[in-house]
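Structural overview
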Amino acid sequence: HGAHPQDRTGPTRHRHRGANVTPSYAIVAARSRNQVIGRDADIPWTVKGEQALFKKITMNGCLIMGRRTFESIGRPLPGRLTLIVTRQAQYTQPGCRVFHSIEAALDDAQQTERPIFVIGGGELYAATLANARRVHLTTIDLEVAGNVFFPNFPTPAFKLTHRQHFESNHNYTCLLYTSDAAD
(Lines give C-alpha, C1' and ligand atoms only; values in the text may rest on other atoms or scores of the structure.)
Protein backbone atom coordinates (compact mmCIF):
# COMPACT_ATOMS: atom_id res chain seq x y z
CA HIS A 1 0.00 0.00 0.00
CA GLY A 2 1.42 3.40 -1.00
CA ALA A 3 1.30 6.41 1.30
CA HIS A 4 -1.84 8.49 1.01
CA PRO A 5 -1.26 12.16 0.18
CA GLN A 6 -2.84 13.27 3.47
CA ASP A 7 -0.25 11.23 5.41
CA ARG A 8 2.40 13.77 4.39
CA THR A 9 1.18 16.34 6.92
CA GLY A 10 2.94 14.54 9.80
CA PRO A 11 6.70 14.99 9.33
CA THR A 12 6.58 18.13 7.15
CA ARG A 13 4.25 20.27 9.23
CA HIS A 14 6.98 21.29 11.71
CA ARG A 15 9.12 22.74 8.92
CA HIS A 16 6.69 25.61 8.39
CA ARG A 17 5.53 27.45 11.50
CA GLY A 18 1.97 27.91 10.31
CA ALA A 19 -1.05 28.73 12.45
CA ASN A 20 -1.77 25.01 12.85
CA VAL A 21 1.32 24.50 15.03
CA THR A 22 1.14 27.72 17.04
CA PRO A 23 0.36 26.88 20.68
CA SER A 24 -2.94 28.20 21.96
CA TYR A 25 -2.40 31.14 24.30
CA ALA A 26 -4.12 34.19 25.70
CA ILE A 27 -2.87 37.72 26.25
CA VAL A 28 -3.55 39.49 29.54
CA ALA A 29 -2.99 43.25 29.57
CA ALA A 30 -4.11 46.43 31.29
CA ARG A 31 -3.98 49.77 29.50
CA SER A 32 -5.09 53.31 30.12
CA ARG A 33 -7.66 55.01 27.89
CA ASN A 34 -4.74 56.40 25.85
CA GLN A 35 -3.16 52.92 25.32
CA VAL A 36 -0.35 53.31 27.89
CA ILE A 37 0.75 50.06 29.58
CA GLY A 38 3.90 51.36 31.24
CA ARG A 39 6.24 54.20 32.10
CA ASP A 40 9.79 52.87 31.92
CA ALA A 41 9.75 49.86 34.27
CA ASP A 42 6.62 50.90 36.15
CA ILE A 43 2.89 50.51 35.72
CA PRO A 44 1.71 54.12 36.12
CA TRP A 45 -1.37 53.40 38.23
CA THR A 46 -2.57 51.50 41.27
CA VAL A 47 -6.10 50.18 40.90
CA LYS A 48 -7.76 48.33 43.75
CA GLY A 49 -9.06 44.93 42.64
CA GLU A 50 -7.30 44.83 39.28
CA GLN A 51 -4.42 42.63 40.52
CA ALA A 52 -6.90 40.18 42.09
CA LEU A 53 -8.59 39.88 38.72
CA PHE A 54 -5.21 39.21 37.06
CA LYS A 55 -4.54 36.49 39.65
CA LYS A 56 -7.95 34.89 39.06
CA ILE A 57 -7.41 34.79 35.27
CA THR A 58 -3.83 33.46 35.39
CA MET A 59 -3.77 31.14 38.44
CA ASN A 60 -2.19 27.71 37.69
CA GLY A 61 -1.14 28.99 34.28
CA CYS A 62 2.14 29.46 32.52
CA LEU A 63 3.14 33.14 32.31
CA ILE A 64 5.35 34.34 29.46
CA MET A 65 6.85 37.78 29.95
CA GLY A 66 9.75 39.94 28.90
CA ARG A 67 12.67 40.56 31.24
CA ARG A 68 11.65 44.13 32.07
CA THR A 69 8.12 42.98 32.92
CA PHE A 70 9.55 40.30 35.21
CA GLU A 71 11.85 42.82 36.90
CA SER A 72 8.95 45.22 37.51
CA ILE A 73 7.06 42.35 39.23
CA GLY A 74 10.25 41.37 41.05
CA ARG A 75 9.55 37.69 41.72
CA PRO A 76 7.89 34.57 40.28
CA LEU A 77 4.17 34.76 41.04
CA PRO A 78 2.83 32.00 43.31
CA GLY A 79 0.83 29.20 41.71
CA ARG A 80 2.08 29.95 38.21
CA LEU A 81 5.12 29.04 36.09
CA THR A 82 7.26 32.01 35.05
CA LEU A 83 8.90 32.00 31.60
CA ILE A 84 11.09 35.01 30.82
CA VAL A 85 12.07 36.06 27.29
CA THR A 86 15.30 38.08 27.05
CA ARG A 87 18.12 38.81 24.63
CA GLN A 88 20.63 38.67 27.53
CA ALA A 89 22.64 35.47 27.05
CA GLN A 90 23.59 34.82 30.70
CA TYR A 91 20.33 35.96 32.31
CA THR A 92 18.92 33.72 35.07
CA GLN A 93 16.32 34.10 37.79
CA PRO A 94 15.64 31.60 40.59
CA GLY A 95 12.38 29.72 40.10
CA CYS A 96 12.00 30.90 36.48
CA ARG A 97 12.74 29.50 33.04
CA VAL A 98 14.62 31.81 30.65
CA PHE A 99 14.36 31.79 26.84
CA HIS A 100 15.90 33.83 24.05
CA SER A 101 12.91 33.72 21.69
CA ILE A 102 9.17 33.92 22.06
CA GLU A 103 8.84 30.74 19.97
CA ALA A 104 11.06 28.75 22.35
CA ALA A 105 9.07 30.02 25.36
CA LEU A 106 5.76 29.11 23.69
CA ASP A 107 7.04 25.64 22.77
CA ASP A 108 8.18 25.04 26.35
CA ALA A 109 4.92 26.40 27.78
CA GLN A 110 2.93 24.05 25.55
CA GLN A 111 4.77 21.07 27.06
CA THR A 112 3.47 22.00 30.52
CA GLU A 113 -0.15 21.47 29.40
CA ARG A 114 -1.11 24.51 31.51
CA PRO A 115 -3.01 27.46 30.08
CA ILE A 116 -0.53 29.93 28.56
CA PHE A 117 -0.71 33.68 29.18
CA VAL A 118 1.48 36.34 27.58
CA ILE A 119 1.56 39.16 30.15
CA GLY A 120 3.88 41.78 28.61
CA GLY A 121 5.57 43.97 27.92
CA GLY A 122 5.04 45.99 24.79
CA GLU A 123 7.41 44.04 22.51
CA LEU A 124 5.94 40.68 23.50
CA TYR A 125 2.39 41.94 23.02
CA ALA A 126 3.28 43.29 19.56
CA ALA A 127 4.87 39.97 18.56
CA THR A 128 2.12 37.68 19.90
CA LEU A 129 -1.15 39.59 19.47
CA ALA A 130 -1.94 38.40 15.93
CA ASN A 131 -1.87 34.68 16.88
CA ALA A 132 -3.53 34.90 20.31
CA ARG A 133 -6.75 32.93 20.81
CA ARG A 134 -8.05 35.25 23.53
CA VAL A 135 -7.18 38.73 24.74
CA HIS A 136 -8.12 39.74 28.31
CA LEU A 137 -7.82 43.51 28.07
CA THR A 138 -8.49 45.73 31.06
CA THR A 139 -8.98 49.40 30.25
CA ILE A 140 -8.36 51.70 33.21
CA ASP A 141 -10.57 54.80 33.11
CA LEU A 142 -7.77 57.37 33.14
CA GLU A 143 -5.21 58.94 30.84
CA VAL A 144 -1.59 58.76 31.92
CA ALA A 145 1.84 59.68 30.62
CA GLY A 146 3.92 56.70 29.61
CA ASN A 147 6.33 55.35 27.03
CA VAL A 148 5.19 51.72 26.62
CA PHE A 149 1.98 51.22 24.66
CA PHE A 150 -0.40 48.39 23.86
CA PRO A 151 -0.55 47.66 20.11
CA ASN A 152 -3.45 48.97 18.04
CA PHE A 153 -6.39 46.77 19.08
CA PRO A 154 -8.94 45.35 18.48
CA THR A 155 -8.21 44.20 14.96
CA PRO A 156 -10.91 42.74 12.69
CA ALA A 157 -9.73 39.19 13.54
CA PHE A 158 -11.09 39.55 17.10
CA LYS A 159 -14.59 39.89 18.42
CA LEU A 160 -15.67 41.12 21.83
CA THR A 161 -17.21 38.18 23.69
CA HIS A 162 -17.47 39.49 27.27
CA ARG A 163 -17.45 42.87 29.01
CA GLN A 164 -17.46 43.58 32.74
CA HIS A 165 -17.26 47.00 34.42
CA PHE A 166 -15.73 47.49 37.88
CA GLU A 167 -16.07 50.50 40.18
CA SER A 168 -12.85 51.24 42.06
CA ASN A 169 -10.49 54.09 42.95
CA HIS A 170 -10.08 54.23 39.15
CA ASN A 171 -12.97 52.51 37.40
CA TYR A 172 -11.99 49.85 34.88
CA THR A 173 -13.58 47.63 32.28
CA CYS A 174 -12.46 44.11 31.48
CA LEU A 175 -12.97 43.09 27.89
CA LEU A 176 -12.52 39.55 26.60
CA TYR A 177 -11.85 39.26 22.88
CA THR A 178 -11.77 35.94 21.04
CA SER A 179 -10.00 35.33 17.77
CA ASP A 180 -12.04 34.23 14.78
CA ALA A 181 -9.34 31.56 14.35
CA ALA A 182 -10.20 30.02 17.75
CA ASP A 183 -11.87 26.65 17.48
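Counting restarts for each chain: residues are numbered from 1 in the order of the written sequence. Restriction of local features to residues with pLDDT of at least 70 applies here, the model being predicted, together with a cutoff of 80 or more for giving and counting side-chain atom pairs; totals for whole chains, interfaces and linings are based on all residues. Each side-chain value is worked out from all heavy atoms of the structure, with water and hydrogens disregarded.

**Side note on the layout of surface pockets**
Two kinds of site are reported from a 1 Å grid over the protein atoms alone, namely cavities, where a 1.4 Å probe fits but cannot get out, and pockets, open sets with protein on both sides within 12 Å along at least five of seven lines, and residues are called lining when an atom falls within 4 Å of a point. Grid points are joined across faces, edges and corners, and a volume is the space filled by probe spheres set on the points. Considered as a void within the structure, the largest pocket measures approximately 1,300 Å³ in volume. What lines the largest pocket is a set of 42 residues, among which Ile43, Thr69, Ser72, Ile73 and Ile119 lie closest to the centre. Per the convention used, a helix needs a DSSP run of H or I reaching at least four residues, while a strand needs a run of E reaching at least two, with both numbered from the N terminus. Mapped by element, the contributors of at least two residues to the lining of the largest pocket are strand 1 (26-32), strand 2 (36-38), helix 2 (50-58), helix 3 (67-73) and helix 5 (122-128). With 5 residues, the top contributor of residues to the lining of the largest pocket is helix 3. Residue polarity is assigned by list, with Asp, Glu, Lys and Arg as charged and Ala, Val, Leu, Ile, Met, Phe, Trp, Tyr, Cys and Pro as nonpolar; anything else, Gly included, falls into the polar class. For the lining of the largest pocket, the per-class residue count stands at 18 nonpolar, 13 polar and 11 charged. Of the pockets and cavities examined, the second largest pocket occupies roughly 250 Å³.

**Here we look at the sheet that holds strand 1**
Should DSSP find at least two bridges between two strands, the strands are taken to pair. Taken in spatial order, the 8 strands make up an open sheet running 5-4-3-6-1-7-10-9, and their pairing is mixed. The two strands at the open ends of the sheet, each matched to only one other strand, are strand 5 (97-99) and strand 9 (158-166). Adjacent strand axes in the sheet meet at a mean angle of 20 degrees, parallel and antiparallel pairs treated alike. By the bridge criterion, 8 bridges tie strand 9 to strand 10 (residues 172-179) in an arrangement that is antiparallel. Bridged to Leu160 within strand 10 is Tyr177. With axes taken as lines fitted to C-alpha atoms, and helix axes fitted only over the stretch in contact, angles between N-to-C directions fall between 0 and 180 degrees.

**Side note on the environment of Glu113**
Structurally, the position occupied by Glu113 is in the loop between helix 4 (102-112) and strand 6 (116-118). Only protein chains enter the area calculation, which uses a 1.4 Å probe; residues under 20% of their type maximum are buried, those over 50% are exposed, and those in between are partly exposed. Take Glu113: its relative accessible area is 75%, and that puts it in the exposed class. Along the backbone, Glu113 and Cys62 are 51 residues apart, and their C-alpha atoms lie at a distance of 8.9 Å.

**Looking at helix 2**
Within helix 2, the full set of buried residues consists of Glu50, Leu53, Phe54 and Thr58. Each buried residue of helix 2 lies within a common arc of 120 degrees when the element is viewed along its axis, so the set occupies one face. Looking at helix 2, the residues exposed on the side facing more than 90 degrees away from the buried face are Ala52 and Lys56. Working rule for contacts: check all heavy atoms of both residues, and any pair within 4.5 Å makes them a contact. Contacts from the buried residues of helix 2 go to strand 1, strand 3 (62-66), strand 6, strand 7 (134-140), strand 9 and strand 10. In the segment just after helix 2, Asn60 is the residue with positive phi, at about 70 degrees. Here, the arc refers to the directions that run from the helix axis to the C-beta atoms.

**Here's the deal with helix 4**
Among all positions in helix 4, only Ile102, Ala105, Leu106 and Ala109 are buried. What you see down the axis of helix 4 is that its buried residues fit within an arc of 100 degrees, all on one side. In this structure, the buried residues of helix 4 make contact with strand 3, strand 4 (81-85), strand 5, strand 6 and helix 5.

**Topic: the packing of aromatic side chains**
For Phe, Tyr and Trp, rings pair up if their centres lie within 6.5 Å, where Trp contributes its six-membered ring, and each pair is then called stacked (planes under 30 degrees apart), edge-to-face (over 60) or tilted (otherwise). Counting across every chain of the model gives 5 aromatic pairs. Ring centres 4.9 Å apart and planes at 85 degrees place the aromatic pair Phe153 and Tyr177 in the edge-to-face group. Of this pair, Phe153 sits in the loop between strand 8 (148-149) and strand 9 while Tyr177 is found in strand 10, placing the two residues 24 residues apart along the sequence. Here Phe153 matches Tyr177 in class, with each residue buried. Site record: aromatic cluster; members linked through ring pairs are Tyr125, Phe150, Phe153, Phe158 and Tyr177.

**A look at the pairing of strand 10**
Counting buried residues along strand 10, 8 of its 8 residues qualify, which places the element largely inside the surrounding structure. Burial along strand 10 is two-sided: Tyr172, Cys174, Leu176 and Thr178 and Thr173, Leu175, Tyr177 and Ser179, pointing in opposite directions, are all buried. Where strand 7 lies against strand 10, 7 bridges are found, and the strand directions are antiparallel. Counterpart to His136 in the pairing with strand 10 is Leu176.

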